[in-house]
Protein chains: 2
Amino acid sequence: MRFVVVAGTTRTARIDGISAAGAAPALTTHTPSADLEIVEYGDVVAAPVVPVSPAGCPTPAVVTRAVAERADVEALFVDGGLAAPTAAPTVDVGAEPGGDVRDADPVPSAPAAFERARDLGGALPDDELVIGETIPGGTTTALGVLTALGERATVSSSLAENPMARKRTVVEEALAASDLAPGEAAGEPLTAVRRVGDPVLATVAGLVAGATDAGTAVTLAGGTQLATAAALVRHWGVDAPLSLATTAYVAGDESADLADLAADLDVELTVTDPHFEAGDHPALAAYARGEAKEGVGMGGALALAERAGVDVRAVRERVVALADRLQAAASPDQ
Amino acid sequence: MRFVVVAGTTRTARIDGISAAGAAPALTTHTPSADLEIVEYGDVVAAPVVPVSPAGCPTPAVVTRAVAERADVEALFVDGGLAAPTAAPTVDVGAEPGGDVRDADPVPSAPAAFERARDLGGALPDDELVIGETIPGGTTTALGVLTALGERATVSSSLAENPMARKRTVVEEALAASDLAPGEAAGEPLTAVRRVGDPVLATVAGLVAGATDAGTAVTLAGGTQLATAAALVRHWGVDAPLSLATTAYVAGDESADLADLAADLDVELTVTDPHFEAGDHPALAAYARGEAKEGVGMGGALALAERAGVDVRAVRERVVALADRLQAAASPDQ
């Protein structure tokens, strides 16, 4: 088993009000680079920002890191369009940072990244891949793709209150800019992801297509964004079994409707609840009230911890220690 | 402790007769990419070549991989100027593939790569770095750097018979093209490595300078190329303790004079003998007769195995299994 995180960025993330992945929209460029460093090293190493939301919620990378330490998980990072340097090692598949979906052709690198990621997914020697993502603004681009494909168009959010109206407006503008009607890209996943999506979705879809083609089992580690990657590969013609492992926070998000989306796509859904409400710590409380919810493979990592027999309390303890370290780095004067 | 491998390429490696790192000079471009895949995955994954020398000697990457498996070593790869894709994850520090040292300015990316590698070396959270390299033709560029710095100008070889006369001729042409006399770059390591060196040496030197500055212990894992990286940081003004861990094959290479070079540079030398002559296998026999000798951190990996109490027979067994797998991939019809 190998735990793959695909990391990238778009200009879409700069749109006000759609993402909590970073202290401010302009800083979200660095969030995926910092997330990979946290999973690899347990701390931000070279990235100039510490991904803690304005509400004090640390990036879900700390949860994935906590599980990786406790369950000895082997991680692999794929550059799905990073726009800022990272000290974490990444595989290059030619994905470039995405533009603003309200432009006509925001992800021109999508088809090439899909192809090279497909080669990689087929070449990796593992019998199972667990694949997560980190890309700010990713639920908005996922909503764009689901709408263009004609699938159930609901997504979750890293904010406690999902700004669905804002996202729908962005997606309407995106479809108009690309001269696409809802459902018009059905059966044309590369059109959907290139015109109204993001480079991470293209890369994840490529990995899944290549891996399943090679007989490798795939678990998508995340919520509605990973379900959207599943939609892309279903529209590409992949009918292999697919699993989606997410958190209770996404599964409990009534604005998202993940269970129905997964059922539509014939994807088996696993939900893991880390019971962060049971811990007495501001970082855990932020998750418990619905901040962040998912990301950087958090749901898949929690499922792996359960599979490996790691006590959820041990994971929570480690999350708290990592969150404290990040919080100290984010507020060095306190 | 983290085991770092810096991988890169130059046009210098294309000069006939100087390297055994690949079946043919034109294929050496892919050797470092394949080496990283072997250390990461235990096999060539995406690289289109299998690094086995014409004489049947598998890349020393199999030895490093064997130790990594047996001693649970955490590896990190840095792109020191790769020219071909790899499915292994790498950190980018801006190093570009090097040109032919017989040109005037073959490594223009050296100063920038040195600086960014220095930042990385200072930022990594480890208390110890063990640093190796993979770059075909690397002893020739090392000879160029040692000559330009005015240090003892002897290097080892991946060939059983060291083509020193050929290398000296190349270095003479290189110095002439850069209008440098032997010793003229003393105290100017960035000039030496840019004009007559290679991007891997620049990157390794940067990592060492940054790490030692941050109080991180450094073991250079290799032979005369890594000693040359030590020379670069000594000329940069670093007086921190440095260790060099190499194989008995390099230490026994009378054409190389590694012990005196290490003494000149105040570098503590550790020599590990894997006793490959005790194993009955063509791959081990190739090493025993002086093929390859070092590379991809082999000497450092063997020292780590010893430190971790891993039986050298267990390493040999695993080397044989990996070599058989590579040989089967290299000669699929047999």
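Residues numbered from 1 in each chain as written. Chains lettered and ligands numbered in written order. Predicted model: local features only at pLDDT ≥ 70, side-chain atom pairs only at ≥ 80, totals over all residues. Heavy atoms only, no water.

Novice: Looking at this structure, how should I read the layout of surface pockets?
Specialist: One way to see where empty space is left: roll a probe the size of a water molecule over the atoms. Of the voids in this model, the largest pocket is the one considered here, and its volume is about 770 Å³. Elements supplying a minimum of two residues to the lining of the largest pocket: helix H1 (31–41), helix H2 (61–71) and strand E2 (75–79) of chain A together with helix H1 (31–41), helix H2 (61–71) and strand E2 (75–79) of chain B. Its residues placed into classes, the lining of the largest pocket shows 13 nonpolar, no polar and 10 charged. Approximately 490 Å³ is the volume found for the second largest pocket. (1 Å grid on protein atoms, 1.4 Å probe; cavity = no way out; pocket = protein on both sides within 12 Å on 5 of 7 lines; lining within 4 Å. Points joined across faces, edges and corners; volume = space filled by probe spheres on them. Helix = DSSP H or I, 4+ residues; strand = E, 2+ residues; numbered from the N terminus. Nonpolar A, V, L, I, M, F, W, Y, C, P; charged D, E, K, R; others polar.)

Novice: Can you help me understand the pairing of strand E1 (residues 2–7) of chain B in this one?
Specialist: Within a regular beta strand, the side chains point alternately toward one face of the sheet and then the other, so they alternate between its two faces. Residue and element names in this part refer to chain B. Burial analysis of E1 places six of its six residues in the buried class, which makes it a mostly covered element. Side chains Arg2, Val4 and Val6 project from E1 onto one buried face, and the interleaved Phe3, Val5 and Ala7 project onto a second face that is buried too. When E1 meets strand E4 (residues 128–134), the two strands line up parallel, connected through six bridges. Each residue of the ladder has a partner; that of valine 4, found in E4, is isoleucine 131. The sheet contact formed by E1 and E2 spans five bridges and is parallel. Across the sheet, valine 6 pairs through a bridge with valine 78, a residue of E2. (Buried < 20%, exposed > 50% of the residue type's maximum accessible area, 1.4 Å probe, protein only. Pairing = 2+ DSSP bridges.)

Novice: Just checking my understanding: could you explain the sheet that holds strand E5 (residues 217–221) of chain B for this structure?
Specialist: Sheets are built from strands that pair by backbone hydrogen bonding, the pairs being arranged parallel or antiparallel. All names here are of chain B. Across the sheet, which stays open at both edges, the seven strands sit in the order E3-E2-E1-E4-E5-E6-E7 with parallel pairing between neighbours. Pairing within the sheet leaves two strands with one partner each, and these edge strands are strand E3 (91–92) and strand E7 (267–272). Packed on one face of the sheet, H1 meets E1, E2 and E4 and runs near 165 degrees to E2. Most of the contacts of helix H12 (residues 298–307) go to strand E6 (residues 242–247), to which it runs at about 95 degrees, and overall it touches E1, E4, E5, E6 and E7. (Contact = heavy atoms within 4.5 Å. Axes fitted to C-alpha atoms, helices over the stretch in contact; angles between N-to-C directions.)

Novice: When you look at the sheet that holds E2(A) in this model, what are you seeing that I'm missing?
Specialist: Residues and elements named next belong to chain A. Read across the sheet, seven strands follow the order E3-E2-E1-E4-E5-E6-E7 without closing on themselves; strand pairing throughout is parallel. Single-partner strands in this sheet number two, and they are strand E3 (91–92) and strand E7 (267–272). Across the sheet, H1 is in contact with strand E1 (2–7), E2 and strand E4 (128–134); its angle to E2 comes to roughly 165 degrees. Sitting on the sheet, helix H8 (residues 224–236) is in contact with E4, strand E5 (217–221), strand E6 (242–247) and E7, with an inclination near 165 degrees to E6.

Novice: What is the right way to read the relation of the copies chain A and chain B from this model?
Specialist: Superposition of the two copies of the chain requires a rotation about an axis together with a shift along that axis. Each copy superposes on the other: chain A lies on chain B with an RMSD of 0.0 Å after a rotation of 180 degrees and an axial shift of 0.0 Å. The superposition operator between the copies reduces to a two-fold rotation axis. (Least-squares fit on C-alpha atoms with pLDDT ≥ 70 in both.)

Novice: Teacher, can you tell me more about helix H4 (residues 138–149) of chain A here?
Specialist: Along an α-helix, residues three or four apart share an orientation, since each turn contains 3.6 residues. Residue and element names in this part refer to chain A. Taking 1.5 Å per residue as the helical rise, H4 with its 12 residues ought to reach 16 Å, and the 16 Å between its terminal C-alpha atoms agrees with that figure. Of all 12 residues in H4, 12 are buried; the element is thus mostly enclosed. Taken together, the buried positions of H4 are Gly138, Thr139, Thr140, Thr141, Ala142, Leu143, Gly144, Val145, Leu146, Thr147, Ala148 and Leu149. Packing partners of the buried residues in H4 comprise helix H5 (164–177), helix H6 (189–196), helix H7 (199–213), H8 and helix H10 (258–264). Glycine 150 lies just past H4 and shows a positive phi near 85 degrees. (Expected span 1.5 Å × (residues − 1).)

Novice: Any chance you could explain the pattern of salt bridges here in plain terms?
Specialist: For side chains bearing opposite charge, pairing can occur when the charged atoms are close. Counting across every chain of the model gives 28 salt bridges over all chains. The salt bridge partner of Glu128(B) is Arg307(B), with a shortest N-O separation of 2.8 Å. Of this pair, Glu128(B) sits in strand E4 while Arg307(B) sits in helix H12, and the two are 179 residues apart along the sequence. Owing to a relative accessible area of 56%, Arg307(B) belongs among the exposed residues under this scheme. Within this structure, Arg2(A), Glu74(A), Asp126(A) and Glu40(B) form a network of salt bridges that share partners. (Salt bridge = Lys/Arg side-chain N within 4 Å of Asp/Glu carboxyl O.)

Novice: Would you mind going over the interface of chain A and chain B with me for this structure?
Specialist: Where interface size is quoted, it is often the accessible area lost as the parts come together. With 19 residues of chain A at the interface, the matching set in chain B holds 19 residues. Sorting the residues of chain A by area buried against chain B places Tyr41(A), Val45(A) and Pro89(A) first, and these three jointly supply 31% of that buried surface. Applying the counting rule to chain A against chain B returns two salt bridges. With its nearest N and O atoms 3.7 Å apart, the salt bridge here joins Glu40(B) to Arg2(A). Linking chain A to chain B there are one residue pair in polar contact (both at pLDDT 80 or more). Elements that contribute at least two residues to the side of chain A that touches chain B include exactly H1, E2 and helix H3 (110–123) of chain A. (Buried area = accessible area lost by both parts, 1.4 Å probe. Polar contact = N/O pair within 3.5 Å; in protein donor to acceptor, adjacent residues only side chain to side chain.)

Novice: Quick question: what am I supposed to make of the packing of helix H3 (residues 110–123) of chain B against helix H6 (residues 189–196) of chain B here?
Specialist: How two helices sit against one another is set out by the angle between their axes and by the gap between those axes. Residue and element names in this part refer to chain B. One way to put it is that H3 packs onto H6 with a least axis distance of 9 Å and a crossing angle of 125 degrees. With respect to H6, the axis of H3 lies oblique. Only Leu190, Val193 and Arg194 of H6 make contact with H3, whose side of the interface consists of Ala110, Pro111 and Phe114. The residue inventory of the contact of H3 with H6, partitioned by class, reads five nonpolar, no polar and one charged. (Parallel < 35°, antiparallel > 145°, perpendicular 65-115°, else oblique.)

Novice: Before we go on, may I ask you to explain the packing of helix H7 (residues 199–213) of chain B against helix H8 (residues 224–236) of chain B in this structure?
Specialist: Residue and element names in this part refer to chain B. Contact pair H7 / H8: the axes reach a minimum separation of 9 Å and the direction vectors enclose 55 degrees. What the angle tells us is that H7 and H8 run oblique. H7 and H8 meet at a crossing whose hand is right-handed. Residues Leu201, Val204, Ala205, Val208 and Ala209 of H7 lie in contact with H8, whose contacting residues are Gln225, Leu226, Thr228, Ala229, Leu232, Val233 and Trp236. (Left-handed = near helix turned anticlockwise from the far one by under 90°.)

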